[in-house]
Amino acid sequence: MGLMDTDHAGLVVAAQAGDDRAREKLIAAYLPLLYNIVGRALSGHADVDDVVQETLLRVVRDLPALRSPESFRSWLVSITLRQINAHWQRQRAFADRTTVIDEALRIPDAGAEPEDATILRLHVSDERRRVVEARRWLDPDHRVLLSLWWQECAGSLSRDDIAAAMGLTVAHAGVRLQRMREQLELSRTIVAALEADPRCPELNETVVGWDGLPASVWRKRIARHTRGCTVCTATTSERVPAELLLLSLAPLAVPAGLIGALAAKGLLSGTAASAAGPATAHVALGSATGGSGLHGSLIGKLHAVTAHQLMGLATGAVLIAGTATYATWPEPVHRVPGVTAAPPVGDPTPSPSRTTTSAGPSPASPSAAASTVPLGAQSLESVADPALYLTYAGDFAMLGRVSASSGAQTRQRVTFTVIGGLADTRCVTFRAADGRYLRHRDLRLQLSTNDGSELFREDATFCPSPGAVAGSVTLHAHNYPGSVLRHRDGGIWLDGSDGTRAFAGQASFIMRRAWASAP
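Residues numbered from 1 in each chain as written. Predicted model: local features only at pLDDT ≥ 70, side-chain atom pairs only at ≥ 80, totals over all residues. Heavy atoms only, no water.

Draft legend 1. Representation of the overall build of the protein chain in the model. Secondary structure summary: the protein chain contains 20 helices and 16 strands in total. By residue count, 50% of the 519 residues in the protein chain fall in the buried class. For the protein chain, the share of sequence-separated contacts (at least 6 apart) that also reach a separation of at least 24 residues comes to 65%. For the protein chain, the accessible area works out to roughly 22800 Å², and carbon and sulfur atoms hold 55% of it. (Helix = DSSP H or I, 4+ residues; strand = E, 2+ residues; numbered from the N terminus. Buried < 20%, exposed > 50% of the residue type's maximum accessible area, 1.4 Å probe, protein only. Contact = heavy atoms within 4.5 Å. Areas by Shrake-Rupley, 256 points an atom, 1.4 Å probe, with all protein chains shown as cover.)

Draft legend 2. View of the state of the cysteines. A full pass over the atoms with the stated rule returns one disulfide. Residue cysteine 427 pairs covalently with cysteine 463 via a disulfide, S to S 2.1 Å. Between cysteine 427 and cysteine 463, the disulfide has an S-S torsion of 85° and is therefore right-handed. In this pair, cysteine 427 sits in the loop between β8 (416-420) and β9 (428-431) while cysteine 463 sits in strand β12 (residues 462-466), placing the two residues 36 residues apart along the sequence. On the basis of relative accessible area, cysteine 463 is assigned to the buried category, the value being 0%. (Disulfide = S-S within 2.5 Å.)

Draft legend 3. Region of interest: helix α8 (residues 159-166). Those residues of α8 that sit buried are Asp161, Ile162, Ala163, Ala165 and Met166. Positive backbone phi, at 70°, marks glycine 167, one or two positions downstream of α8.

Draft legend 4. Examining the nonpolar core more closely. Judged by nonpolar contacts, the single largest core of 104 residues is most densely connected at Val52, Phe72, Ile84, Leu148 and Phe430. Among the elements that make up this core, the one with the highest residue count is helix α2 (residues 20-41) (twelve residues). With residues up to four places along the chain from it excluded, the contact list for phenylalanine 72 reads Val12, Leu26, Tyr30, Val59, Leu63 and Leu66. (Core = buried A, V, L, I, M, F, W, Y, C linked by side-chain atoms within 4.5 Å.)

Draft legend 5. The pattern of salt bridges, seen in detail. Taken as a whole, this structure holds 19 salt bridges when the rule is applied. Residue aspartate 161 is joined to arginine 73 by a salt bridge in which the shortest nitrogen-to-oxygen separation is 2.6 Å. With aspartate 161 in helix α8 and arginine 73 in helix α4 (residues 72-98), this pair connects stretches of sequence that are 88 residues apart. For aspartate 161, a relative accessible area of 9% translates into the label buried. As a salt-bridge pair, arginine 436 and aspartate 434 come within 2.9 Å of each other at their nearest N and O atoms. A cluster of three or more residues bridged by salt bridges with shared partners is formed by Arg82, Arg486, Arg488, Asp489 and Asp495. (Salt bridge = Lys/Arg side-chain N within 4 Å of Asp/Glu carboxyl O.)

Draft legend 6. Representation of the packing of α2 against helix α7 (residues 140-153) within the structure. Here α2 crosses α7 at 145°, and the two axes come no closer than 8 Å. Note that α2 runs across α7; the crossing there is right-handed. Between α2, through Leu33, Asn36, Ile37, Arg40 and Ala41, and α7, the contact on the second element is made entirely by Arg143, Val144, Ser147, Leu148, Trp150 and Gln151. Here the residues of the contact of α2 with α7 are counted per class, giving six nonpolar, three polar and two charged. (Axes fitted to C-alpha atoms, helices over the stretch in contact; angles between N-to-C directions. Left-handed = near helix turned anticlockwise from the far one by under 90°. Nonpolar A, V, L, I, M, F, W, Y, C, P; charged D, E, K, R; others polar.)

Draft legend 7. The arrangement of helix α1 (residues 9-16) in detail. Among all positions in α1, only Ala9, Val12 and Ala15 are buried. Each buried residue of α1 lies within a common arc of 125° when the element is viewed along its axis, so the set occupies one face. Positive phi appears at glycine 18, one or two residues downstream of α1, with a value of about 100°. (Arc of directions from axis to C-beta.)

Draft legend 8. Here's a closer look at the environment of glutamate 24. Considering the arrangement of structural elements, one finds glutamate 24 in helix α2. Glutamate 24 sits 244 residues away from leucine 268 along the chain, and the two C-alpha atoms are 5.2 Å apart.

Draft legend 9. Summary view of the pairing of strand β7 (residues 396-401). Relative to β7, strand β6 (residues 388-393) runs antiparallel, the two sharing six bridges. Residue pairing in the sheet places threonine 391 in a bridge with methionine 398 of β7. Taking the residues between adjacent antiparallel strands as the criterion, β6 and β7 are bridged by two residues, where glycine 394 takes a positive phi near 70°. (Pairing = 2+ DSSP bridges.)

Draft legend 10. Looking closely at the packing of aromatic side chains. If you walk through the whole model with that rule in mind, you get five aromatic pairs. Consider the rings of tyrosine 30 and phenylalanine 72, whose centres lie 5.1 Å apart with planes at 70°: the pair is edge-to-face. Within this pair, whereas tyrosine 30 is found in helix α2, its partner phenylalanine 72 is found in helix α4, the two being separated by 42 residues in sequence. In terms of burial, tyrosine 30 and phenylalanine 72 fall into one category: buried. Ring geometry for tryptophan 137 and tryptophan 210: centres 5.6 Å apart, planes at 40°, overall tilted. One end of the pair, tryptophan 137, is in the loop between α6 (126-135) and α7; the other, tryptophan 210, is in the loop between α10 (201-206) and α11 (216-226), with 73 residues separating them in the sequence. (Phe/Tyr/Trp six-rings, centres within 6.5 Å; stacked < 30°, edge-to-face > 60°.)

Draft legend 11. Quick look at the environment of cysteine 427. With a relative accessible area of 0%, cysteine 427 lands in the buried category. A sequence separation of 49 residues divides cysteine 427 from histidine 476, and the C-alpha atoms of the two residues are 9.3 Å apart.

Remember that the coordinates give geometry; whether it matters functionally is a separate question.
What follows is the structure, encoded as C-alpha cells:
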C-alpha cells in the first residue's frame, strides 16, 4: 500500500500529543520518500544524509504547530524543499569564499551518483542510462522538480501535494513541471548527441574547450546547435517517454548509516527503523544500538535525552562504522528583541546610507529605527527588492509593487497597523486594514482573524532585530526565534538563516510611513 493509499492523519495527531511510537511510525513511513527526494535532488552529494536529518529534526520540532494533520505529506515536502535550498545556498557561499567562478556557471557534480555508476556498469538500456545522465545537466531547481515528479510517477505524491509543498496553485505547479520536462528532453538530446559515433562535426567545434562536466552554460551552447541540427536530433522521435524510464529505475534505498544515526538521535527505534530501510539496515542498526558497552551506554543516555520530541533537538549523536561523533542543535529560548516597539516617531527623514528608488513614503530615521520600530500605520519595503512592499492576496502575504499612482486598495493592502506584540509587548504585531493579523502558519506568513488563543498570539508576534542595512529590521518569530520572515518563491516564509548576504537582504525590511496616508 502506497503513501497516498494510507491515512496517516491519526498518527500525526497522536505524535502531536506526544506519542513517541506514533512519531517513530510516521518517520519510518515517510523516510524513504524523503530520502529519495533529497537524494535525487542533490544527485548523491555527500551531504544527502545530513540534509535528511536536518529536515526530520525540523519536522519533529514543528509538528505540534501543524494545524491540518491531513496535509502532513505536503507539509513535510515543503520543509524538505527549504532544506535542499538552504544546502545549495551554503554550498554557493562556500564556493564564493574558496573559488573564483563565472556567475553563469553552476557548480558541477563531482561525479556520478551511486545508482548512475551501477547503471553504467550493468549496461542497462541506452535510454535509461541517458535519462540518468541527462539529469546531471539540469539546473538545481529543475532537479528538485524532477525528484518530485519522479515520486508523482511512482504514486508517492499527488500533483496537489507538489503544488501545496511549493506554495503554488496546481496549474502553476503544472507549468513549472512542464518546463522541467522540456529541459530534461533537451538534456537527453545533448547526451545522445555527445555519445554519437561518429559525432556531428559541427558539434565537435561547439564543444571545443569544454572540460566534460555538465554545466548550464555548456547546456545552452550545445542546445543552440542541436536545436537546428538534423544529425543530432535524428533519434528524438523514437524515444521512450521519460516517465516510463524513471519508473524502471529502482528507488534509492535508505542507507544503514543514516538509519543508525536517526536511531541514535531517538527519532527511530529498532522496530521502526527496520520498517524504514532494507534488511541490512536492521543488522547495522542492531550493532549501532547494542554494540559495545560504551556505545550501549551512549545510546541509553541519548534515548533519555531524546525521549521528549523537543528535547530531542538539543543533543544528538551519530554512530557510523562504530565511531561516535557529536553534534548539537540548541533549542533557543524566546528572543529578547534587539529592536523594540515604540510609539510612532515624527516625520521621518531619508536614511543617508540608502537612496529611495520610488516616489513613496520616506523611511524612518536611522537613529530611531536602530532602537525602535514605530507603532501605528506603517509599510514594509523589501531591502533586497526596493519598491516592493509586504502585501497580501487572499490569505497569504507576498511582495507587491506600489507607486504614487497606485489605487487606494493597493495602498491599503501594503499598510499595516503596528501594535505591541500580542505575546510580548517588547515585540510587534501587524494588523491589516480588514482587521486580520499577520501570523505564521505551517511556516508561511498569512492573514488570520484573532481567535483569542495563546497559539495565535505567539504566531502573530514578531521580534525585530537590526536588518541588513541601516534603518532596516529583521523579524524573528516569537515562538520560533531561530527563524525569520523572508520573502522567496512568491511568498513570505519562516526560514532559518543560511548566513548569506542574499538571505539577509530577503529577510530585511525598511519601515516606512504608511502608503495609505502618502500624498
